[in-house]
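# Coordinate inspection notes
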Amino acid sequence: MKKVTDPDGYSVSQLLGLGQQSARKSYYPELTARMAELEAERNRYKWLFENALHGIFQASLGGRLLAANPALAAMLGDADVAATLNRCASLEALFAEPGEAQRVASLLRRQGHLQGHTTWLAGSDGRRVPVALTLLRKPDQGEEILVEGFVADITERERARQELLALNARLEARVRERTQRLEQLNADLAGEVAERRLMEEQLRAARDLAQEANRSKDRYLAAASHDLLQPLNAARLLVSTLRERELDGDSGRLVDSIHLSLEGAEELLTDLLDIARLDQERIQPQLECFPLTRLLYGLVAEYAPRAQRKALRFRWVEGRVCVNSDFRLLGRVLRNLLSNACRYTESGSVLLGVRRLGDAVSIEVHDSGPGIPADQLKAIFEEYHQLNAERARHRQGVGLGLAIVERICRRLGLAVTVNSTPGRGSRFAVRVPVCTPVPMTYSAPEVSPLECPLQGRRMLVVDNDSRILLGMQALLEQWGMACRTAHDLEEVLAQRLAAPDVLVVDLHLDGGETGDRLVEKLRRHWQQPTLPAVVVTADRSEAWRRTLADSGIPLLHKPVRPGKLRAVLSQLLGRERH
């Protein structure tokens, strides 16, 4: 209905198509939503305008400076935007060069826009500010032509140019001086030129040698991550199989000694590779919001059996919160702390706990080990530092574990702290921010992390190394699984196998085949697109980690730790069961 206050002609509601009561009810919310969107867009543009790093202004080619942002005012040395608008009431006053505003306007009319135009703006203290100017003509506003300008301060570039000119001048003077000396010292100059050429050749040779040394180091690291870890992986699997069997006293102690030696060699190689990758900044954090329980379940399944083998009580406190961090790197930190706790604690217990601290959680590892002297609490995070007296008989590796913890925490922006009482134990804590994921991407499995749903399950292992196939088959069958092995896809198909419950596939196979592609082929072959799979590799590159993460396939690095393998398989098969 038309109101008395509505203008002659159609009412506002009629102009908007809302003449009926039912229409108003239908369209008003939509109109309100559109107005809210416009207001949000306006606020966004205002925020960008006011917080941009580069200067922005709006002006009329007729001569008025209409608006400016704080970055432009700061660039020109004005106290605020109002001072800039007052000082540069006309567009001509904005430029340091007389007539520059007209030249800019002429170029803009001819070209329609102006990009990267270098000029000088007038600063508040009389100085000239060199800038790169980009002008865009706004849609016609009647007779007045409005433009938006984007200003980048090129003072440093101009200073560099001036310095280059001065340098060129000095070089030219030097050339003239050398030219005069040429007439008198021609013979000496030949020797000097020869010496200079020799020096340049030596510098080039030194540069090439340094580059080759760097490439050689990268090749060595790649070789170490594959050629050295490959046989170590097979040995670890076979020794782990023996450790789970009933052996007599001498045989059992011998197998345990071999296991400790292999474990030390593995941790040494892994730590050296990680330190090198951290030093080269080849490990880049991938922050995400994930449930802490997902990480803790895997840690408990991996380290509880290790503690139990030493007759230690392993306890843990579940933290049902989500944290914002890199899942893999945070797991590396906690694994190093748990590994130290299990290694240096001879009796008592190891505790993995979570404590809520406002908008963060403290993930803590407690042990009842020998403790750390107060004067060593900072030194333990240094490279190659190991406590001597208390831990001499446990000495393994070269003291890089806590150095890696400190570097990863620094890269993730996390705080790591330690408290210890000699003779009573230590507490290491990592503070991680909490978050709220939307939607929740993970639900904890109903199976306990200490349970193992592997008995009787069918496994297929594909690897081009026969030693690893032998070790993996022995270990998995020791766990009660039915394990078949193959070197490649052709061998799998030749065996005419029924679909297994889970796949374990090497990443780099013969003939250029990769584990992720093989998993997809086998899933299509058995028509099971969600068939659980794990990829194992000695390749620790970020590119492969991201590729497999995008494919949703868990990744284990060689040498594969049996506890970690069991934890991953239990999680995959437990989730499938529930």
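Residues numbered from 1 in each chain as written. Predicted model: local features only at pLDDT ≥ 70, side-chain atom pairs only at ≥ 80, totals over all residues. Heavy atoms only, no water.

What follows concerns the packing of helix 11 (residues 327-344) against helix 12 (residues 401-412). For the pair helix 11 and helix 12, the least separation of the axes is 9 Å and the interaxial angle reads 155 degrees. Classed by the angle they form, the pair helix 11 and helix 12 counts as roughly antiparallel. Regarding helix 11 and helix 12, the two cross each other, and that crossing is left-handed. Between helix 11, through Leu329, Leu330, Arg332, Val333, Asn336, Leu337 and Asn340, and helix 12, the contact on the second element is made entirely by Gly401, Leu402, Ile404, Val405, Ile408, Cys409 and Leu412. For the contact of helix 11 with helix 12, the residue count by class is ten nonpolar, three polar and one charged. (Axes fitted to C-alpha atoms, helices over the stretch in contact; angles between N-to-C directions. Helix = DSSP H or I, 4+ residues; strand = E, 2+ residues; numbered from the N terminus. Parallel < 35°, antiparallel > 145°, perpendicular 65-115°, else oblique. Left-handed = near helix turned anticlockwise from the far one by under 90°. Contact = heavy atoms within 4.5 Å. Nonpolar A, V, L, I, M, F, W, Y, C, P; charged D, E, K, R; others polar.)

This paragraph deals with the side chain of glutamine 58. One can find glutamine 58 in strand 1 (residues 55-60). Its relative accessible area of 19% is what places glutamine 58 among the buried residues. Each residue touching glutamine 58, except ones within four places of it in the same chain, is listed here: Tyr45, Leu65, Leu66, Ala67, Lys138, Val147 and Glu148. (Buried < 20%, exposed > 50% of the residue type's maximum accessible area, 1.4 Å probe, protein only.)

The sheet built from five strands is open, its strands ordered 2-1-5-4-3 with antiparallel pairing. What marks the edges here is a single partner per strand, and that holds for strand 2 (65-68) and strand 3 (113-122). Pairs of neighbouring strands in the sheet enclose a mean axial angle of 30 degrees, with direction left out of account. In this sheet, strand 4 (residues 128-137) lies alongside strand 3 in antiparallel orientation, the contact comprising eight bridges. (Pairing = 2+ DSSP bridges.)

A few words on the pairing of strand 13 (residues 458-462). Burial analysis of strand 13 places four of its five residues in the buried class, the great majority of the element. Two strands pair when backbone bridges link them, and strand 13 and strand 14 (residues 482-486) are joined in this way by five bridges, in the parallel orientation. Paired with valine 462 across the bridge in strand 14 is alanine 486. For the crossover from strand 13 across helix 13 (residues 466-478) to strand 14, the handedness is right-handed. Of the pairings in the sheet, the one linking strand 13 to strand 15 (residues 502-506) comprises four bridges and is parallel in character. (Right-handed = clockwise from strand over helix to strand, strands pointing away.)

Here the focus is the sheet that holds strand 15. The pairing of strands in a sheet comes from backbone hydrogen bonds and takes either a parallel or an antiparallel form. Ordered in space as 14-13-15-16-17, the five strands form an open sheet in which the pairing is parallel. On the outer flanks of this sheet lie strand 14 and strand 17 (555-557), each paired with one strand and no other. Strand-to-strand, the axes of this sheet are offset by a mean angle of 20 degrees, without reference to chain direction.

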